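What follows is each chain in one-letter form.
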2 protein chains.
Amino acid sequence: MEQKHTISVLVENHAGVLSRVAGLFSRRGFNIDSLAVGETRNPEISRITIVVNGDDYTVDQVSKQLNKLVDVIKIKILVDNEFVGRELLLLKVKASAKQRAEIIQLVDIFRANIVDVSKDTITVEISADQDKIKAITGLLEPFGILETVRTGLVAIQRGVECVE
Amino acid sequence: MEQKHTISVLVENHAGVLSRVAGLFSRRGFNIDSLAVGETRNPEISRITIVVNGDDYTVDQVSKQLNKLVDVIKIKILVDNEFVGRELLLLKVKASAKQRAEIIQLVDIFRANIVDVSKDTITVEISADQDKIKAITGLLEPFGILETVRTGLVAIQRGVECVE
């Protein structure tokens, strides 16, 4: 059965590693839903969080292939409900002086932040799970969304256990 | 002069596009500092935000090469101070019952959120610019950081102007 899988991959921070990892997915016909790369505390090691659609068997196969790449240090397929998943959204919405109060109210309800205001726009920042990001986007849509920038999902295991 | 450049790239959401974009940077010997891919409101278009080190001339050349890739729709090199840059960090830190209050205090000061608590750990979420992320990481370090997951930078232009 096809479903979303969240994979956490620790890699050596070498030129080309990202291209090789992404290439492995695309050669297998996987379209990556989202991908986020960030440094770990060790600047020589990065972590790639990948969300893909696929059945368990295929994701398992891709994970084995990933393990064979020289720059890959560790892979963990995260299990639903055992991790916290968050995404960051920056969203620019049309806002006349008259509409500002209503938008600020929505921003407060969602515990989002306003990061920029111009005469005709408000730019909002929200870090949340994907359902909440969908919800706030839906509520701001009627004002006229001009632009959205999303990070892709990052995930961390609940409790004491770590991938690092 | 080498410096950080933030590049916003709109691409067709096809399998392999990420690998081709990342490959172009690595073939030029650029090591990508951070990369974030997320959907736009149009599910067929994704936006890749890339931070790289390089001189102006080389970044300009890479940008021209990117423009030649079939799946690339639009590229914008963002200008410092004209955009809001944010990154999302999930951080798991050791926390005995005794230390919790002190950690919660730091989390409040930084307007971060607690997303998970276990007997011996607290997991924190913060969306901020990179200096603030460095600051909170530094302050939590003495407690014993177990794991960090970062998204890479996303950026949106200030004011009315858009890349989309």
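None of these values were measured; they are calculated from a predicted model. In this convention, every chain numbers its residues from 1, walking through the sequence in written order. Here the convention is simple: chains get letters from A, ligands get numbers from 1, in the order in which they are written. Local features are withheld for residues below a pLDDT of 70 in this predicted model, meaning they are given only at 70 or higher, and side-chain atom pairs are given and counted only at 80 or more; totals for whole chains, interfaces and linings count all residues. Hydrogens and water are ignored here; the side-chain numbers use all heavy atoms of the structure.

Here we come to the overall build of chain A. A count of helices and strands for chain A gives 4 helices and 9 strands. Elements are defined by DSSP. Helices are runs of H or I of four residues or more, strands are runs of E of two residues or more, and each kind is numbered from the N terminus. Along chain A, helices and strands appear, N-terminal first, in the series β-α-β-β-α-β-β-α-β-β-α-β-β. Any pair of residues with heavy atoms lying within 4.5 Å of one another is described as a contacting pair. Residue pairs in contact within chain A that sit at least 24 positions apart in sequence constitute 75% of those at least 6 positions apart. Roughly 7500 Å² of accessible area belongs to chain A as shown, and the carbon and sulfur atoms make up 48% of that amount. Positive residues here are Lys and Arg, negative ones are Asp and Glu, while His and the chain termini are left out of the count. Just so you know, the charge point we use is NZ for Lys, CZ for Arg, CG for Asp and CD for Glu. Distance between charge centroids for chain A: 2 Å, based on 21 positive and 23 negative side chains. All accessible areas in this document rest on Shrake-Rupley with a 1.4 Å probe, and a residue is counted as covered only by the protein chains that are shown.

Moving on, we come to the environment of A:Leu66. Residue and element names in this part refer to chain A. Relative to the helices and strands, Leu66 resides in helix 2 (residues 56-68). Taking the C-alpha atoms as reference points, Leu66 and Arg20, 46 residues apart in sequence, are found 9.2 Å from one another. Ignoring any residue separated from it by four or fewer positions in sequence, one finds Leu66 in contact with Val9, Val21, Leu24, Phe25, Val72 and Ile75.

Moving on to the domain arrangement of chain A. All names here are of chain A. Where each domain begins and ends is defined by an automated method or by a domain database. When the domains of chain A are assigned, the result is domain 1 (3-78) and domain 2 (84-154). With centres defined by C-alpha atoms, the gap from domain 1 to domain 2 works out at 29 Å. On the side of domain 2, 4 residues touch domain 1, which itself brings 6 residues to the contact. Here the buried area means the combined drop in accessible surface, using a 1.4 Å probe, for two parts upon being joined, counting both sides. Broken down residue by residue, the surface that domain 1 buries against domain 2 is led by Ser34, Ala36 and Thr49, which jointly contribute 66%. By definition here, a salt bridge exists when the distance from a side-chain nitrogen of Lys or Arg to a carboxyl oxygen of Asp or Glu is within 4 Å. Taken together, domain 1 and domain 2 are joined by 0 salt bridges. Side-chain atoms alone can form a polar contact between residues adjacent in sequence; in general such a contact is a pair of N or O atoms within 3.5 Å, and within protein one must be able to donate a hydrogen while the other accepts it. Our enumeration of links across domain 1 and domain 2 arrives at 1 residue pair in polar contact (both at pLDDT 80 or more).

Here we take up the pairing of strand 1 (residues 3-12) of chain B. The side chains of a regular strand alternate, first on one face of the sheet and then on the other. All names here are of chain B. Burial status follows relative accessibility: with a 1.4 Å probe on protein chains alone, a residue under 20% of its type maximum counts as buried, one over 50% as exposed, and anything between as partly exposed. Of all 10 residues that make up strand 1, 7 are buried, and the element is covered over most of its length. In this structure, strand 1 lies alongside strand 3 (residues 45-54), joined through 10 bridges in antiparallel fashion. Residue Val9 lies in a different strand from strand 3, and its bridge partner there is Ile48. Being paired, for any two strands, means DSSP has found at least two bridges between them. One ladder, built from 6 bridges, connects strand 1 with strand 4 (residues 72-78); its direction is antiparallel. If you follow Val11 over to strand 4, its bridge partner there is Val72.

Time to look at the interface of chain B and chain A. Contacts between the two partners involve 60 residues from chain B, matched on the other side by 60 residues from chain A. Carbon and sulfur atoms supply 56% of the area that chain B and chain A bury against each other, a total of about 4800 Å² over both sides. Counting the surface chain B buries against chain A, the share from its top three residues, B:Arg41, B:Glu147 and B:Ile156, is 13%. Inspection of the chain B/chain A interface yields 6 salt bridges. Across the contact surface, chain B and chain A share 25 residue pairs in polar contact (both at pLDDT 80 or more). Taken together, the elements giving at least two residues each to the side of chain B that touches chain A come down to helix 1 (17-27), strand 2 (32-39), strand 3, strand 5 (83-94), strand 6 (113-117), strand 7 (121-128), strand 8 (145-150) and strand 9 (154-157) of chain B. All amino acids are sorted into three groups, where Ala, Val, Leu, Ile, Met, Phe, Trp, Tyr, Cys and Pro are nonpolar, Asp, Glu, Lys and Arg are charged, and the leftover types, Gly among them, are polar. Here the residues of the side of chain B that touches chain A sort into 23 nonpolar, 21 polar and 16 charged. Here 3 bridges tie strand 2 (residues 32-39) of chain A to strand 2 of chain B, and the two strands are oriented antiparallel to one another. Among the inter-strand pairings, A:Val37 is bridged to a residue of strand 2 of chain B, identified as B:Leu35.

Turning to its location among the elements, A:Ile109 is positioned in helix 3 (residues 100-109). In this structure, the C-alpha to C-alpha distance between A:Ile109 and A:Leu140, residues 31 residues apart in sequence, is 12 Å.

One copy of the chain maps onto the other through a rotation about an axis plus a displacement along that axis. The operation relating chain B to chain A is a screw motion whose rotation component is 180 degrees, with 0.0 Å of axial translation and a residual RMSD of 0.0 Å. This pairing of chains is accounted for by a two-fold axis. Comparing contact sets, 100% of the residues at the interface of chain B also lie at the interface in chain A, consistent with an isologous, same-surface contact. Here the copies are matched by least squares. The fit uses the C-alpha atoms of residues with pLDDT of at least 70 in both.

This next bit is on the nonpolar core. Among the buried residues, those of types Ala, Val, Leu, Ile, Met, Phe, Trp, Tyr and Cys that are joined through side-chain atoms within 4.5 Å form a nonpolar core. By size, the foremost hydrophobic cluster in this structure holds 42 residues, and its most contacted members are A:Phe25, A:Leu35, B:Phe25 and B:Leu35. Once you skip the residues sitting within four places of it in the chain, B:Phe25 turns out to touch B:Ile7, B:Phe30, B:Ile32, B:Ile50, B:Val52, B:Val62 and B:Leu66.

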